[in-house]
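Geometric and topological summary
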Amino acid sequence: MTTTAPAPGAAPTRDAHEVLQAVRRARRRRTATVTLVLLAVVLALAWVSLTWGGHTGALLDYAAGVFGGGSGEGAFTIGRLRLPRVVLAALVGVALGVSGGIFQTVLGNPLASPDILGVSGGASAAAVFAITVLGLSGAAVGVAAVLGAAAVAALIYVLAWRDGVTGYRFVLIGVGMAFAVNGVIGYLLTRSQVTDVRSALVWMVGSLGTPRWREVGVLALAVVVLLPLVAVVARSIRALELGDEAAGGLGVRVEPARLSALAIAVALAAAATAFAGPVAFVAFVSAPIARRLLPTGGLALVPAALVGAVVVLAAELVAQHVVPSLEVPVGIVTGAVGATYLLWLLATADRQGRSA
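Attention here is on the structure that accompanies the text. Predicted, not measured: the structure shown is a model, and the values here were computed from it. (Residues numbered from 1 in each chain as written. Predicted model: local features only at pLDDT ≥ 70, side-chain atom pairs only at ≥ 80, totals over all residues. Heavy atoms only, no water.)

1. Overview of the environment of Ala287
For the record, the criterion: Segments assigned H or I by DSSP are reported as helices when at least four residues long, segments assigned E as strands when at least two residues long, and all are numbered from the N terminus. Any two residues having at least one pair of non-hydrogen atoms within 4.5 Å are treated as being in contact.
Position of Ala287 among the secondary structure elements: in helix α12 (residues 282-293). With sequence-adjacent residues up to four places away left out, Ala287 is seen in contact with Gly101, Gln104 and Ala304.

2. Here we look at a nonpolar patch on the surface
Just so we agree on the cut-off: Patch building starts from residues that exceed 30% relative accessible area and form no salt bridge, then joins like charges within 9 Å and nonpolar side chains (Val, Leu, Ile, Met, Phe, Trp, Tyr) within 5 Å. Where accessible areas are quoted, they stem from the Shrake-Rupley method and a 1.4 Å probe; at the residue level, only the protein chains shown are allowed to cover. The term salt bridge refers to a pairing of a side-chain nitrogen on Lys or Arg with a carboxyl oxygen on Asp or Glu at a separation within 4 Å.
Together, Trp47, Val48, Trp52 and Leu60 line one region of the surface with nonpolar side chains, adding up to about 380 Å² of accessible area. In this structure, Trp52 sits in the loop between α1 (10-51) and α2 (56-66).

3. Things to note about the pattern of salt bridges
Side-chain pairs of opposite charge can arise where the charged atoms are in close proximity. To be explicit about the condition: Exposure classes here rest on a 1.4 Å probe applied to the protein chains alone. A residue is buried below 20% of its type maximum, exposed above 50%, and partly exposed in between.
Evaluated as defined, the whole model comprises three salt bridges. Between Arg85 and Glu316 there is a salt bridge whose closest N-O contact spans 2.3 Å. With Arg85 in helix α3 (residues 74-107) and Glu316 in helix α13 (residues 301-322), the pair connects residues that are 231 residues apart, well separated along the chain. Note on Arg85: relative accessible area 17%, which makes it buried. With a relative accessible area of 7%, Glu316 lands in the buried category.

4. Brief notes about a positive patch on the surface
Filter applied, for reference: When charges are counted, Lys and Arg contribute as positive and Asp and Glu as negative, whereas His and the chain ends are disregarded. All charge positions are set by atom: Lys at NZ, Arg at CZ, Asp at CG, Glu at CD.
On the surface, a cluster of positive charge is made up of Arg24, Arg25, Arg28 and Arg29. Along the polypeptide, Arg25 turns up in helix α1.

5. A short note on α13
Let me state the cut-off plainly: Expected helix span is computed as 1.5 Å times (number of residues minus one).
Relative to the 32 Å expected for 22 residues at 1.5 Å per residue, α13 spans 30 Å between its end C-alpha atoms, a close match to the ideal helical length. Among the 22 residues that make up α13, 17 are buried, leaving the element largely enclosed by the rest of the structure.

6. As for the nonpolar core
The condition is simple: Nine residue types can take part in a nonpolar core, namely buried Ala, Val, Leu, Ile, Met, Phe, Trp, Tyr and Cys, and a core is a set of them joined through side-chain atoms within 4.5 Å.
Among the nonpolar cores identified, the biggest contains 106 residues, and Val92, Leu96, Ile102, Phe103, Leu117, Phe170 and Phe284 are the most heavily contacted of them. Residues in contact with Leu117, not counting those within four places in the same chain, are Phe103, Leu107, Leu111, Ala112, Ile156, Phe170, Val171, Gly174, Val175, Met177 and Ala178.

Shown next, in the form of structure tokens:
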């Protein structure tokens, strides 16, 4: 009896295809699991923030009031004070998490984030100038912050351009720009009135304050508009992660793709900074933490967004409630956490200067 041998390579090809499909399914399951867990943590932190100090009844009363019931006792504590602050914290974390993930992926450098590179500092410098020199307040200061972030980012891009932009050069120029804008802020503060300095402090450390629903709505609108644009450029970002030559071989126009992605990242960081000031290191730590939670690392913007929300909400809880007698702005807490992570990153870098 003669046995017909399979065509050379047929069985191995089928087996390899099955293995590849299994790996992809496992990766999707892990990503979905991590995303759901992070979302649950965000909701849990939001609940704790709203009910801290025994305000569960006020929260339930406010929820009932939304649907036409309740006594109205939770309208002030929850609806005016706590809920806008929680929503703002989540939106700021999402915007900064995605922004930092784009910066680090497109530039191929773990140190690339809007706060390290001076983009957030540019927003702060413009806001402080608007307050101390122009005498502006309210929404005008937020507009100035957005313009300042955009101007600094554009200047860094122009200075880094040498027949294209390399991540190494962009980061070095960005770090130098961060020192420059900090010097500008210091000069402005030394020439200002005490009352103006007090108003400008939020633009130095980052604070959620007591936002109104109108402000939260504007930031929410900005995030809702910008996140779909991130989805549009996601394919190009994944290609850029492979390197410029590989991306070009895949048909990606490298510099336009990089410029578009960075523009969206700057817009997200500027929007968050305009409403909360430079909340330090959130953009810096969110994407690396998200990548470590996933089986293969790589582009993880949705988990990075949720990690950013977790970091800001947790920092806000610590800042407001853990040590009540020493209530501090949220930016100080995130700065302490981010500085620790930066030191760890530098301490574990290998001889090539890459993160361990």
